[in-house]
Every structure is written in C-alpha cells, then in structure tokens.
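What follows is each chain in one-letter form.
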Amino acid sequence: AWPVAAVVMLFAMILFVGSVTAPNPALMGTPTAAAGTAPRGVQRITRHPMMWAFALWAIVHGGLAGTSRTVALAGAVAILALVGARLQDGKKRAQLGPAWGSHEAATSFVPFGRGFAMPGWIALIGGVVLFVVATGVHPLAGGPNLWGAL
C-alpha cells in the first residue's frame, strides 16, 4: 500500500501547490473577475484543488495508520474538505452568479472529471519538491521513515 499512498500523496501535493500558486476563484478574497476566466493549471483538474489535497491526505493517512484516533481525525478532515468544497460552490454561485456558473461549467468537482489535464510546471515541480521535503521530515513529525517503506 505504501507505493500507492506515495503516488496519491504526490498528486495531493501537486494539487496543493497549484492551488496557492495560480489564481483560484474558489479561494476567499479572489477577485470576482477571476471566476470568469478560463481555468488554468490545477483548475483544469478540479475546481477545488486545495480541498481535494486535504481530502487525499486524510484518506491516505486514515487508511494507512489504522488507529482509531487517526481514522477519526482523517475522516473528519476528508468530510470537512469535500462537504466544504461542495458548500463553497453554492455560496460562490449565489455571490458571483453567471461568472461562477461559467467557471463551474468549465471545471469539474471531481479530479479529472473533464478528462486528463496537466497541472502546470510550477505546481508539478513545487509539488515534487514539497513531496521530497515532507517525506524527509516525516519521521520528525512522528511518522514512519517513508524512504525505507518505498
């Protein structure tokens, strides 16, 4: 399971980096005009890249840890991320009207729901760097040495 978990976590980190390095109409404080622009980068993969990154982190950690505390925490994070993302859609639809409607129509809630898309170079390289760093410091946070597990 560790190699599969590593691939999922790498994807989650690419989504996370892409969510904070490119205009994301779903983020708080993003100008209204951003919702009317064509999706770029990880927005072509999912309109909620940060929330999916958190949900994927939770699914991997809850599935591998197996302790009741970790499963409870990870389950709560996954539910909060995905339900929160769905609720964001409704709030943005009410706030931004047609601009959000066009963004919603051009993007997918579920990753790759509109087909395969590249995340962009910054998200890809940044996600790989974040993955390598997080994997290296994982034992310092109380987790297993992932390099040995892979």
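Starting afresh in each chain, residues are numbered from 1 along the sequence in its written order. This being a predicted model, a pLDDT of at least 70 is required before a residue's local features are given, and a value of 80 or more before pairs of side-chain atoms are given or counted; all residues contribute to the totals for chains, interfaces and linings. Calculation of side-chain values draws on the structure's entire complement of heavy atoms; hydrogens and water are dropped beforehand.

(A) Structural detail: the overall build of the chain. Put simply, DSSP H or I for four residues or longer makes a helix, DSSP E for two residues or longer makes a strand, and each gets a number counted from the N terminus. Along the backbone of the chain there are 6 helices and 0 strands. Secondary structure elements in the chain, listed N-terminal to C-terminal, are α-α-α-α-α-α. Type-normalised accessible area, obtained with a 1.4 Å probe on protein chains alone, sets the label of each residue: buried when under 20%, exposed when over 50%, and partly exposed for intermediate values. Out of the 150 residues belonging to the chain, those deemed buried represent 37%. Throughout, a residue-residue contact means that at least one pair of heavy atoms, one from each residue, lies within 4.5 Å. In the chain, the share of contacts with a sequence separation of at least 24, taken over all contacts with a separation of at least 6, comes to 73%.

(B) Quick look at the environment of Val 7. Within the fold, Val 7 resides in helix α1 (residues 2-21). Linking Val 7 and Phe 131, residues 124 residues apart in sequence, is a C-alpha distance of 9.8 Å.

(C) Summary view of the confidence of the model for the chain. Confidence of the predictor at the level of single residues is given by pLDDT, which spans 0 to 100. Here the chain averages 86 in pLDDT, while 87% of its residues score no lower than 70. Of all secondary-structure elements in the chain, the lowest mean pLDDT belongs to helix α6 (residues 146-149), at 60, while helix α2 (residues 49-65) reaches the highest, 93.

(D) Here's a closer look at a nonpolar patch on the surface. Within the patch definition used here, like charges are joined within 9 Å and nonpolar side chains (Val, Leu, Ile, Met, Phe, Trp, Tyr) within 5 Å, considering only residues with over 30% relative accessible area and no salt bridge. In this description, accessible areas are obtained by the Shrake-Rupley approach with a 1.4 Å probe, and a residue is regarded as covered only by the protein chains that are shown. When a carboxyl oxygen of Asp or Glu is within 4 Å of a side-chain nitrogen of Lys or Arg, the pair counts as a salt bridge. A contiguous nonpolar surface patch, about 680 Å² in accessible area, is contributed by Trp 121, Ile 125, Val 129, Val 133, Val 137 and Leu 140. Along the chain, the position of Ile 125 falls in helix α5 (residues 121-137).

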